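Here's the letter readout for the chains.
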Amino acid sequence: MLNYRKDLEKMPSYDGVEKDYRIKVNANESTLNLPPLVEERVINRLSYVAFNRYPNEEYYSLVEQIAKNFSVDKSQILIGGGSSEIIEKIFHAFGGGDKTIVYPQPSFSMYKIYAKAAEAQAAPFDLDEKFDLNVDEFIKKIREVNASLAVVCNPNNPTGNALTIAQVEKIAASIDCAFLLDEAYVEFYGRSAVNLVAKYPNLIVARTFSKAYGMAGARVGYMIAQAEVTKMISKTFMPYHMNTLSLAAADIIYQMRDEFIPRIQMIVAERQRMAGRLSSLDGVEVFPSNTNFILIRLARAAELNEHLESLGIGVRYFSPDAAGLKNCLRISIGTRLENDEVFSTIKNFLEGR
C-alpha cells in the first residue's frame, strides 16, 4: 500500500480542465497573442537560446530590467513561475502548523489551497455585500489571530474592485506580520503600491506577466520586497526553477512593454463599455471593476452559464457554495466582436429569445 503524506487526500485542488470554447472569456487571460513586433523579437531571441546551459544569464537579465524600472536593488527581486508560484513560496515561507494566514474572501481561490499546502491555519476574512474590504476590521482580525502573513489581491479577483494606495499603506503600517500584496491585475488599475516597499519592510508585492502581457502560457511572475525578505523567501525555491525559454521571452517582452499599452487601454475601454451595457439588463447586478474582467450577479446564473456553454462561450460560473459568490458569473474582456456576441447572447437569453 502506498503511504502518502498525511491529509493529502483532503487537499483541495484547482480545476484547470478547459473545454474547447469558441469564445473563451473564463480565465482572465489576454484575448490576444503577442503584438506582431514583439512576437518577431521573441522568436528571434529564442533562436539562439543555449539549451545546454542553466538559465543564469536569462534570469539575471530579467531581474536587472525589473530592478531598473522600479529603481530598486537587484537583490530585491525574485522571479517565479507566474505570480502563483511566488505566492505559493511566500505561503510556505511564512506557514507551518503554528502559523496563521489571513486573506479576504471571496478572492483568489488558490490562497486557501496554498495555506493548506503550507500546513498553516487559514483565516479568511469576509468582504461585505458589495465585496469591499473593511480595512479597520481586517487589521483587527490580523492582530487577533496573531497572523504570520496577511494577503490582499489588489485589484481583487474575482470581484474586480480595488483598495486605494492609502488603504494599502494603512494595512502595512498597522500590522507587524508579513503583508503580501498580489498585484496580478494592477496594469488595468494603474495604481501600484511598489513604492511603499522602501518604507515598509513587511510589504511584499507580487506581479505577473500572465494578464496584461499575454504570457499565461509561459508562466513568469516576480516579487519585489526588501533584500532581507527576498533572501529568506529565495530559500523556498529549487535551484534553476525557471526555464530558459520563458525567461528569454519575458526579457524581450519587458523591454517592449510599451507595445502593450494600447491593448491595455482597449481592454479598459471595452470593460467600461461592457459594464454599461450589462447594467442596462433587468435583473443583472454589475460590480465595479478595475481589472480585465467583470463580475455580474443574476438569479438565473446557472441556467445562463449552461446556455453560454451550449453555444461554445466559456465564462466563469461559481458554484453555490463559493463564499459570497452565489449566482455570480465572471466574464473576462475579449475583443470587441467577442464582447458584442457575449452581450447579445446574455440579452437574448434574459429576454427569452
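Preceding block: the structure.
Residues numbered from 1 in each chain as written. Predicted model: local features only at pLDDT ≥ 70, side-chain atom pairs only at ≥ 80, totals over all residues. Heavy atoms only, no water.

## Points about the environment of Thr164
Right, so step 1: Within the element layout of this structure, Thr164 appears in the loop between β5 (149-153) and α6 (165-174).
Right, so step 2: When its relative accessible area of 39% is taken as the criterion, Thr164 is described as partly exposed.
Right, so step 3: Along the chain, Thr164 and Ala198 lie 34 residues apart, while their C-alpha atoms are 18 Å from each other. (Helix = DSSP H or I, 4+ residues; strand = E, 2+ residues; numbered from the N terminus. Buried < 20%, exposed > 50% of the residue type's maximum accessible area, 1.4 Å probe, protein only.)

## Some words on the environment of Ile261
Right, so step 1: Relative to the assigned elements, Ile261 resides in helix α10 (residues 261-279).
Right, so step 2: A relative accessible area of 38% means that Ile261 is categorised as partly exposed.
Right, so step 3: Sequence separation between Ile261 and Val342 is 81 residues; the distance between their C-alpha atoms is 25 Å.

## Side note on the packing of α10 against helix α12 (residues 336-350)
Helices that pack against each other are described as a pair by the angle of their axes relative to one another and the distance between those axes.
Right, so step 1: Interhelical geometry of α10 versus α12 gives an angle of 10° and a closest axis separation of 11 Å. It follows from the interaxial angle that α10 and α12 lie roughly parallel. Considering how the two elements wind past one another, α10 and α12 form a crossing that is right-handed. Taken together, the residues of α12 that come into contact with α10 (itself represented by Glu270, Arg273, Met274, Arg277 and Leu278) are Arg336, Asn339, Asp340, Val342, Phe343 and Ile346.
Right, so step 2: For the contact of α10 with α12, the residue count by class is five nonpolar, one polar and five charged. (Axes fitted to C-alpha atoms, helices over the stretch in contact; angles between N-to-C directions. Parallel < 35°, antiparallel > 145°, perpendicular 65-115°, else oblique. Left-handed = near helix turned anticlockwise from the far one by under 90°. Contact = heavy atoms within 4.5 Å. Nonpolar A, V, L, I, M, F, W, Y, C, P; charged D, E, K, R; others polar.)

## Points about the layout of surface pockets
Right, so step 1: The volume enclosed by the second largest pocket comes to roughly 350 Å³.
Right, so step 2: Contributing to the lining of the second largest pocket are 18 residues, with Tyr59, Tyr60, Leu78, Ser234 and His241 lying nearest its centre.
Right, so step 3: Looking at the lining of the second largest pocket, the elements that each hand over two or more residues are α2 (56-70), β2 (77-80) and α8 (227-233).
Right, so step 4: For the lining of the second largest pocket, the leading source of residues is α2, giving four residues.
Right, so step 5: Considered class by class, the residues forming the lining of the second largest pocket number eleven nonpolar, five polar and two charged. (1 Å grid on protein atoms, 1.4 Å probe; cavity = no way out; pocket = protein on both sides within 12 Å on 5 of 7 lines; lining within 4 Å. Points joined across faces, edges and corners; volume = space filled by probe spheres on them.)

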